[in-house]
Amino acid sequence: MRKLLTVVLCFITLSMFAQEKPVQFSFTTATDTAGKQVLLIKATIAKGAKLLSTQKIDGLDDVRTAINFDSTSRLRIKGDPIAITSSITEKSTALGGVSIQYFTDSAIWSQEVNVVKEDSFRIKGEVLAYVLNGDEVLNFSYPISKEFVYRPKTQELTSFEKAPESSTNKSVLGWLLAGILAGLIGFLTPCVYSLVPVTVSLFLKRSKTPQQGRQSALFYAFSIVAIYTFVAILSVLFVPQSTWNAISTSWQFNLLVFALFVIFGISFLGAFEISLPSSWANKLDSKSGLGSYTGIFFMALTLVVVSFSCTGNFVASILGIAAKTNKLAAIMGMCGFGIGLALPFALFAFFPSWLKEISKPGGWQNAMKVSLGILELALAMKFLSNADVQIGKFLFSRDIYLAIWVALFAFLTVYLLGGFKMKHDSHLPKNDWDMQYIPIPRFFFALLSMAFTIYLIPGLWGAPLNKISGLLPPYGTQEYTMNAAKTDIEKNNSIKSTYVIKPVKYVNELIKNESAAAKSAGLVAFFDYDEALAAAKEQNKPLMIDFTGIVCPNCREFENRVWTMPEVMERMKNKFVVASLFEDFNQELPDAEKRYSALLGAQINTVGDKYKELSIKLTGGVSQPNYIFLYHDGSKIVDKSYGYDDVQKNGELDFVKHLDMVLDKFNKK
């Protein structure tokens, strides 16, 4: 048993440390305010780590971060790298009490490079980084390889220093809580719920003392959490995040998820049972009788396998959706799912009297399973719509999508009210007069379903349904609206636009993905960066770039919450030139425009790839929605981009203030 635990713990530890180094470096070119072209070296430092500066330490000359260039590159550089970020000075106990200078969070160095007109070359070298992680001194080497070309335009040095605020922490916490909620729902399914009395009773009865029984139950719960977390670690280790992003926005992936949701949904309705091979469960079950903690671990593994028919959909959803956010989100989502599934087992072990209140699986559980099946069929439509939009066929218009949802939720309402029964349903409970009645919880769920159905119905005639717009197909696919004359984008553009330069590129492909707010207000939006920049020069207006996505629920929510405000739309329409650049637009570029991108670390093959690279250049990352504002020469008016988290944190009116600040700076210049 000791060997088994040692191997498992070592593997998990190595897996976690294999994912990230405590410091990551990135490189970009810029022109400072004096007109000198520089190489900017940025270090992103993990929490708790200290990156030593390039300054020598008394008595430890070699223990410092060094930036070295090869012999050819040294002919191009001038002087030594200059630290832009202020360092911290203190005495280090890890290095014998000597005084050191170090950075936390991030550090930036500027290295001047001699670039003459029509010049083009590549700077090569390496960063030798020394990092203090507690009392441990770590040493890493990072290659430098950056191409330089002559650039006459000035780019502010601070453009690289300020990256958009990260929403990783919120994402991780959100997925942990979502995972716990999914785990609790999974626990209530018949596959898991029916195992509680026999499992907890087994721990309590076979243990010599109540305390030993509780310890066994806690290890059982811990094993469940560890198994699900371990599955997530393996998944994110062998599937890079960039791959998750590409997969999650592809039509093939969305069709696969659609098929899985339909299969699980039909299974929940009672058509058939989904389970892993019985031989797997039998082998694991035979090992669960070994006794000691080994047997308990295999009991947990047996639960994970035999409950797959009820929990597989949750696991697939968490891994498929969370992993594209970031690796840690996927791990925490699966960890949360394990916690939600395992927590009740531990609670029942500590409070065994609660077991008396648990009945055998009854009609309410199957009713919940059927309800989940209907919800899964509804969610399946979202992934089918994503695939349809990505392919560009628009076979499932917004009207058809909503009609299917109305039918599904009306079906759910009638079912919960006892209008009919599914295959495995039992009879409703009876009152003192031997008449069937609807339990109060079931009534309230039916009421919610009915209210949601009524809310959806106006959408069939073009109502925006702002609260759920992120879950619906683009508004441009709506085939019929009661105010069609007002929402015809082509008519609005032809009547209200004074542009000489009008949107041409990608309009036919992307016009259906434009927001309802833009259509109803007659906002002229460009889908090509160069066209938009030219129009901004022509109109003498600042360029507002909206980095967005075809499959982006947060983008639709932002548009319906913020763009619909009169204060925002008036400014966007009359005082800015707006470019909506879709980062997941997979139209292939001409061969002449295809190239390798050092920023992406991959080949640029599609229009979306090109705008992902532009997003990294302008905002420091790829996130949607994200807004950045430019002068006519392509330089930034405000260094910081404005994203979804900003309006979530500060409210919709904060975006109005941001627009006014941009306009004020633009007008002054």
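Residues numbered from 1 in each chain as written. Predicted model: local features only at pLDDT ≥ 70, side-chain atom pairs only at ≥ 80, totals over all residues. Heavy atoms only, no water.

So what about the overall build of the protein chain? Which residues, and what values?
Per the secondary structure count, the protein chain includes 25 helices and 17 strands. For the protein chain, with 669 residues in total, the buried portion stands at 48%. If you take every contact in the protein chain between residues at least 6 apart in sequence, the share linking residues at least 24 apart comes to 71%. Split by element, the accessible area of the protein chain, about 32,800 Å² in all, is 60% carbon and sulfur. (Helix = DSSP H or I, 4+ residues; strand = E, 2+ residues; numbered from the N terminus. Buried < 20%, exposed > 50% of the residue type's maximum accessible area, 1.4 Å probe, protein only. Contact = heavy atoms within 4.5 Å. Areas by Shrake-Rupley, 256 points an atom, 1.4 Å probe, with all protein chains shown as cover.)

Hey, could you go over the sheet that holds strand β12 (residues 543-548) for me, with residue numbers and the actual values?
Here we have 5 strands laid out as an open sheet, ordered β11-β13-β12-β16-β17, and mixed in their pairing. The two strands at the open ends of the sheet, each matched to only one other strand, are β11 (525-526) and β17 (642-643). Bridge count between β11 and strand β13 (residues 577-582): 2 bridges; the pairing is parallel. Residue pairing in the sheet places A525 in a bridge with V578 of β13. (Pairing = 2+ DSSP bridges.)

Could you give an account of unusual backbone geometry, naming the residues involved and the relevant values?
If a residue is not glycine, its phi is most likely negative; likewise, a peptide bond is most likely trans. With a phi angle near 70°, D105 is a residue other than glycine that sits in the positive phi range. Note on placement: D105 falls in the loop between β7 (98-103) and β8 (106-113). Phi at Y506 is positive, roughly 65°, even though this residue is not glycine. On the secondary structure map, Y506 appears in the loop between α17 (489-496) and α18 (507-510).

With reference to specific residues and values, describe the packing of helix α22 (residues 566-575) against helix α25 (residues 653-668).
α25 packs onto α22 with a crossing angle of 30° between their chain directions and a minimal axis gap of 9 Å. In terms of orientation, α22 and α25 fall into the roughly parallel class. Relative to α25, the crossing made by α22 is left-handed. Across from E567, V568, R571 and K575 in α22, the residues of α25 making contact are L653, F655, V656, L659, D660 and L663. Looking at the contact of α22 with α25 residue by residue, the class counts come to 6 nonpolar, no polar and 4 charged. (Axes fitted to C-alpha atoms, helices over the stretch in contact; angles between N-to-C directions. Parallel < 35°, antiparallel > 145°, perpendicular 65-115°, else oblique. Left-handed = near helix turned anticlockwise from the far one by under 90°. Nonpolar A, V, L, I, M, F, W, Y, C, P; charged D, E, K, R; others polar.)

So what about the side chain of S223? Which residues, and what values?
When you line up the elements, S223 lands in helix α7 (residues 210-238). With residues up to four places along the chain from it excluded, the contact list for S223 reads F297 and A300.

Run through helix α20 (residues 529-539), naming residues and quoting values.
Of all the residues in α20, the buried ones are Y529, E531, A532, L533, A535, A536 and Q539. Buried positions along α20 lie against β11, β12, β13, α23 (607-619) and β16 (626-630). Residue D528 occupies the N-cap position of α20, its side-chain oxygen lying 3.2 Å from the main-chain nitrogen of D530. Phi turns positive one or two residues past the end of α20, at N540, with a value near 55°. (Polar contact = N/O pair within 3.5 Å; in protein donor to acceptor, adjacent residues only side chain to side chain.)

So what's going on with the nonpolar core? Which residues, and what values?
Among the nonpolar cores identified, the biggest contains 31 residues, and Y529, L543, I545 and L581 are the most heavily contacted of them. Every element with two or more residues in this core is listed here: α18, α20, β12, β13, α23 and β16. With 5 residues, α20 is the single largest residue contributor to this core. Non-local contacts of L543, meaning those with residues more than four positions away in its chain, are made with Y529, A532, L533, A536, V577, A579, I628, F629 and L630. (Core = buried A, V, L, I, M, F, W, Y, C linked by side-chain atoms within 4.5 Å.)

Tell me what's going on with the pattern of salt bridges, and back it up with residues and numbers.
By the definition in use, this model includes 13 salt bridges. Residue E559 is joined to R556 by a salt bridge in which the shortest nitrogen-to-oxygen separation is 3.0 Å. Of this pair, E559 and R556 both sit in helix α21 (residues 553-563), 3 residues apart, roughly one helical turn. Residue E652 pairs with R561 through a salt bridge whose shortest N-O separation is 2.9 Å. You can see E652 sitting in the loop between α24 (644-650) and α25 and its partner R561 sitting in helix α21, a full 91 residues away along the chain. The partly exposed category is assigned to R561, whose relative accessible area is 27%. The network of salt bridges with common partners includes E557, R561 and E652. (Salt bridge = Lys/Arg side-chain N within 4 Å of Asp/Glu carboxyl O.)

How would you explain the pairing of β7 if you had to name every residue and give the values?
The sheet contact formed by strand β3 (residues 49-52) and β7 spans 2 bridges and is antiparallel. When the bridges of β7 are listed, L52 appears paired with Y102. Joining the antiparallel neighbours strand β6 (residues 88-92) and β7 is a turn of 5 residues, in which G96 adopts a positive phi near 80°.

Please give an account of empty space enclosed by the protein that cites residues and values.
On inspection of all chains with the given rule, the structure shows 3 cavities of 30 Å³ or more. By volume, the largest cavity is sized at about 110 Å³. Lining the largest cavity are 14 residues; nearest its centre among them are S469, P473, Y475, R556 and N560. Of all the elements, α21 adds the most residues to the lining of the largest cavity, at 3 residues. Classifying every residue of the lining of the largest cavity by side-chain character gives 6 nonpolar, 4 polar and 4 charged. (1 Å grid on protein atoms, 1.4 Å probe; cavity = no way out; pocket = protein on both sides within 12 Å on 5 of 7 lines; lining within 4 Å. Points joined across faces, edges and corners; volume = space filled by probe spheres on them.)

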